[in-house]
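An overview of the molecular structure
Here's the letter readout for the chains.
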Amino acid sequence: MKHETLDMDVVMGAAHQSVAHESATKHVTGQADYTDDLVVPEGTLHAALGLSTIAHGRIRSMNLDKVRAAPGVVMVLTAADIPGPNDISPTGKHDDPILVADEVMFHGQPLFAVIAETRLQARHAAARAEIDYEALPHHLAPLAARDAGMDYVTEPLRLRRGDPESAMAKAPLRCAGRFEIGGQDHFYLEGQIALAIPGEDDEMTIFVSTQHPSEVQHMVAHALGVRANAVVVNVRRMGGGFGGKETQMNLFACVAALAARRLGRAVKLRPDRDEDMIATGKRHDFVVDYEVGFDEAGRILAVTGDWHARCGFSADLSGPVTDRALFHADNAYFYPDVELRSHPWRTHTVSNTAFRGFGGPQGVIVAERIIEEIAYATGQDTLAVRKANLYRDGQLTPYHQPVEDQILPRLFEELEASADYARRRQEVLAFNARGGVIRRGIALTPVKFGISFTATHYNQAGALVHVYSDGSVHLNHGGCEMGQGLNTKVAQVVAEAFQIDMDRIKVTKTTTEKVPNTSATAASSGTDLNGMAALDACRQIRERLVRFLCESRDATPDEVVFARNRVVVRGEAIAFEQVVREAYFARVQLSAAGFYATPKIHWNRAEGQGRPFYYFAYGAACAEVSVDTLTGEYTIERVDVLHDVGRSLNPAIDKGQVEGALIQGVGWLTSEELWWDDKGRLRTHAPSTYKIPLASDRPKIFNVRLAEWSVNRERTIKRSKAVGEPPFMLGISVFEALGMAVASIANYREAPRLDAPATPERVLMAVERLRRGGTS
């Protein structure tokens, strides 16, 4: 063997490198396989759902004879055909039926399923049902539900610190307002889909587009009346999720599995886009009543607020979502005395669910509204008020967690300089002072976002790593790839751990057969959790290899060094694959199951106190817009972003996540409007009526930088920080800039108080209101 001095060759694809997404080429060439692309077994049947046509009522009769007689129909499935519990509630509240048996709770609720030879036959047959209802009163909006005496879908939360009543009474200045914040459809490119294949005995294999395979496993097992070990759930990749596949896929997986079990044939269920949007939950919309006390300098003294949420007919994830809205109602600002209350109202709409940010954005934007109110009341630049109220290390959040890693002052300083904020703001003011139809606005806003599941037990992960005798590595973990680059980042961790090039590592589909009891790939925690679990598995195998080499070559552990694609032992370089092969013949175990549980976190919901988050991720964005005050239409002229991802595992992927998150956040606050008619029908249920941002809506100038100096003070995977959700809230900078442009109509004497989304219609109405000198 060749003896050589250890060089410093860098592993190709190790952590902290800008490596292309592992499926990027497949994505752009159409070669990436999604659930609908899989080759199905011979004899596969197709399912379609029959949906309710009223918002609330009792089913008097359901005549399905014409459905059964339709061409190609093999079976019709109803609630009576479910052997196990007719429930897919993710929190065990038994309030979310797979198929309705008696009382309809929203327009578009699944009542039955048709199983036919083709998908088109199933869909046509479902439309032939004859259903007689006893219509009952329905209440769609959160305040309407409150006024009608509707109940909460889950226990509300109160966060309190200090004496806000006294502090509010003593405050030199006070302001109160109401803020209506719209919801958002996930609009994933790949819709909901499930393929169920029955096996021998009670076995069932599910291929499904999901962020939470273990939950699908448990839901299907319960519906079938079998144990979890009889159900295997597989997902290679999703075409987007954004939270919409954390619980919402359970319906489709259970229906497909129930039909497959009864018929002994594979069954696929893929709803039409309209049906998908009608029957699945959205981002929660809120009506927020807030009050703030402050002094003449713009420093916050007290805050109180009530978050009224449209939760839908069942709990789903509304409890933790509305909790997280309160957790982030401070955003980056210290509230000396505070009380925040959630009101998760039951409404006769589809149950709202997880969505990127998980309630956090609906808290953050209220904090920014409060800053805006103070700035206009005191005649200051909103940025000056933001700076005056930023957290300092050691100060407590409303849930009594100390802020220990505040880096926003540095982010602000750098972004102000790189975006040339001060000069550009003066130009905007001068431009607006000239009057005219077009008005401009500029705003610089921060985000402080807590990272961890607030349900502490979800903060765990597993991974399985095999090293084969030829030196190649098989990697499996409990996270799900949905385009965010999770598999790429975890593979980079493994490449660095073994010091082998990334092309030697194969990441395989997420499956409950290999890693059990997984948590959802959500809460921006996918890489934090699964990367650490994979690293733990690699550590075990490395330690075994080091012991073997020490014994076989009479070396000490510090004489064994892993270098690029080789291991150097006492100065002798041995190819990695040769080390592995020798270890195999010496009967060294070359497989390991890794595990990780996030440390330090704890949360007492009853007391509203604890440390629910392991750390905070930070960011800031500066946006400039132009508004046509005759039409309300607007253009995003420029956006500059400086975002904190700790020590980035993959700067290219992280930058892409920041860009995409900001644009999705802009969509939520500008063009994406959900609208129900007075009969409870969702009318924005297709691309023709629901407007996500287009390529032409992106900022004309879009500068995104990562804070390369940032290193996570906590021991996360390679000292990185989560990137999935935090930059979503940077889109608020555009919303705030729109507010400034509108406020120029009244010479900035009054806060614009735009509701979200700030559609051109809403912008125009705000302009006209300020022209008339009225207040909202």
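Residues numbered from 1 in each chain as written. Predicted model: local features only at pLDDT ≥ 70, side-chain atom pairs only at ≥ 80, totals over all residues. Heavy atoms only, no water.

**Quick look at helix α7 (residues 249–263)**
Taking 1.5 Å per residue, 15 residues should reach 21 Å; α7 reaches 21 Å between its end C-alpha atoms and fits that length. Within α7, 12 of the 15 residues are buried, leaving the element largely enclosed by the surrounding structure. Looking only at α7, the buried set comprises Met249, Asn250, Leu251, Phe252, Ala253, Cys254, Val255, Ala256, Ala257, Leu258, Ala259 and Ala260. Following α7 by one or two positions, Gly264 adopts a phi angle in the positive range, close to 70°. (Helix = DSSP H or I, 4+ residues; strand = E, 2+ residues; numbered from the N terminus. Expected span 1.5 Å × (residues − 1). Buried < 20%, exposed > 50% of the residue type's maximum accessible area, 1.4 Å probe, protein only.)

**Describing the pattern of salt bridges**
Evaluated as defined, the whole model comprises 58 salt bridges. Put simply, Arg160 and Glu339 hold a salt bridge, and the shortest N to O gap is 2.3 Å. On the criterion of sequence distance, the pair formed by Arg160 in strand β7 (residues 158–161) and Glu339 in strand β15 (residues 337–346) is long-range, its members being 179 residues apart. With a relative accessible area of 26%, Arg160 lands in the partly exposed category. Between Arg753 and Glu373 there is a salt bridge; the shortest N-O distance is 2.7 Å. Pair noted here: Arg753 is in the loop between α18 (732–743) and α19 (760–771) and Glu373 is in helix α10 (residues 360–378), with a separation of 380 residues, a long-range link. (Salt bridge = Lys/Arg side-chain N within 4 Å of Asp/Glu carboxyl O.)

**Re the pairing of strand β2 (residues 57–63)**
Bridge analysis of β2 against strand β4 (residues 103–104) gives 2 bridges, and the strand direction is antiparallel. Among the inter-strand pairings, Gly57 is bridged to a residue of β4, identified as Val104. With 6 bridges joining them, β2 and strand β6 (residues 130–135) adopt antiparallel strand pairing. Across the sheet, the residue bridging to Arg58 is Glu134, located in β6. (Pairing = 2+ DSSP bridges.)

**Here we look at the confidence of the model for the protein**
On average, residues of the protein carry a pLDDT of 97, and 99% of them reach 70 or more. Residue range residues 1–7 is modelled with pLDDT below 50. Its contacts to residues more than four positions away, or to other chains, number 17 contacts. (pLDDT = per-residue confidence, 0-100. Contact = heavy atoms within 4.5 Å.)

**As for the sheet that holds strand β17 (residues 460–467)**
Hydrogen bonds along the backbone pair up the strands of a sheet, which may run parallel or antiparallel. Taken together, 4 strands build an open sheet; the order of strands is β19-β18-β17-β24 and the sheet is mixed. The sheet is open, and its two borders are formed by β19 (505–507) and β24 (591–597), each paired with just one other strand. The sheet shows a mean angle of 20° between the axes of neighbouring strands, direction not considered. (Axes fitted to C-alpha atoms, helices over the stretch in contact; angles between N-to-C directions.)

**A word on unusual backbone geometry**
Cis peptide bonds are those with omega within 30 degrees of zero, and the linkage from Ala756 to Pro757 qualifies with 5°. For Pro757, the position within the fold is in the loop between α18 and α19. In the Ramachandran plot, Asp316 falls in the positive-phi region, its phi being about 45° despite a non-glycine side chain. The topology assignment puts Asp316 in the loop between β14 (300–312) and α9 (318–327). Taking relative accessible area as the criterion, Asp316 reaches 2% and is therefore assigned buried. With a phi close to 60°, Asn565 is a non-glycine residue in the positive phi region. Take Asn565: it is sitting in the loop between β21 (560–563) and β22 (566–569). Among the residues examined, Asn565 registers a relative accessible area of 15% and is labelled buried.

**Quick notes on the sheet that holds strand β5 (residues 110–116)**
Taken in spatial order, the 8 strands of this open sheet run β3-β5-β1-β12-β9-β10-β11-β20, and their pairing is mixed. Two strands close off the open sheet at either side, each with one partner strand: β3 (73–77) and β20 (510–511). As paired strands, β3 and β5 are joined by 4 bridges and run antiparallel to one another. When the bridges of β5 are listed, Val76 appears paired with Val114. In the packing of helix α6 (residues 213–224) onto the sheet, contacts are made with β10 (204–208), β11 (231–235) and β20, and the angle to β11 comes to roughly 145°.

**What to know about a negative patch on the surface**
Side chains of Glu200, Asp201, Asp202 and Glu203 sit close together on the surface and give a patch of like negative charge. Counting through the fold element by element, Glu200 comes out in the loop between β9 (194–198) and β10. Judged by its relative accessible area of 55%, Glu200 is exposed. (Patch = residues over 30% accessible without salt bridge, like charges linked within 9 Å, V, L, I, M, F, W, Y side chains within 5 Å. Areas by Shrake-Rupley, 256 points an atom, 1.4 Å probe, with all protein chains shown as cover. Lys, Arg positive; Asp, Glu negative; His and termini not counted. Charge placed at Lys NZ, Arg CZ, Asp CG, Glu CD.)

**Brief notes about the side chain of His186**
Secondary-structure assignment places His186 in the loop between β8 (173–181) and β9. Owing to a relative accessible area of 3%, His186 belongs among the buried residues under this scheme. From its side chain, His186 meets the backbone oxygen of Ala354 in a polar contact 2.7 Å long. (Polar contact = N/O pair within 3.5 Å; in protein donor to acceptor, adjacent residues only side chain to side chain.)

**A look at the environment of Tyr399**
Residue placement: Tyr399 occurs in the loop between α11 (382–389) and α12 (408–418). A sequence separation of 204 residues divides Tyr399 from Trp603, and the C-alpha atoms of the two residues are 9.1 Å apart. Discounting residues that sit within four places of it in the chain, Tyr399 has contacts with Leu159, Phe327, Lys448, Trp603, Gly608, Gln609, Gly610, Pro612, Phe613 and Phe616.

**So, the packing of α10 against α18**
Contact pair α10 / α18: the axes reach a minimum separation of 11 Å and the direction vectors enclose 30°. In terms of orientation, α10 lies roughly parallel with respect to α18. Of the two elements, α10 crosses α18, and the hand of that crossing is right-handed. Between α10, through Val364, Ile365, Glu368, Arg369, Glu372 and Tyr376, and α18, the contact on the second element is made entirely by Ile732, Phe735, Glu736, Gly739, Met740 and Ala743. (Parallel < 35°, antiparallel > 145°, perpendicular 65-115°, else oblique. Left-handed = near helix turned anticlockwise from the far one by under 90°.)

**Points about the packing of aromatic side chains**
Across all of its chains, the model carries 16 aromatic pairs by this definition. Counting every residue linked through ring pairs, the aromatic cluster contains Phe327, Tyr399, Trp603, Phe613, Phe616 and Tyr618. Here Arg310 stacks its cationic end above the ring of Trp676, 4.3 Å away from the centre of that ring. Lying over the aromatic face of Trp709, Arg410 brings its terminal NZ or CZ to 3.8 Å of the ring centre. (Phe/Tyr/Trp six-rings, centres within 6.5 Å; stacked < 30°, edge-to-face > 60°. Lys NZ or Arg CZ within 6 Å of the ring centre and 35° of its normal.)

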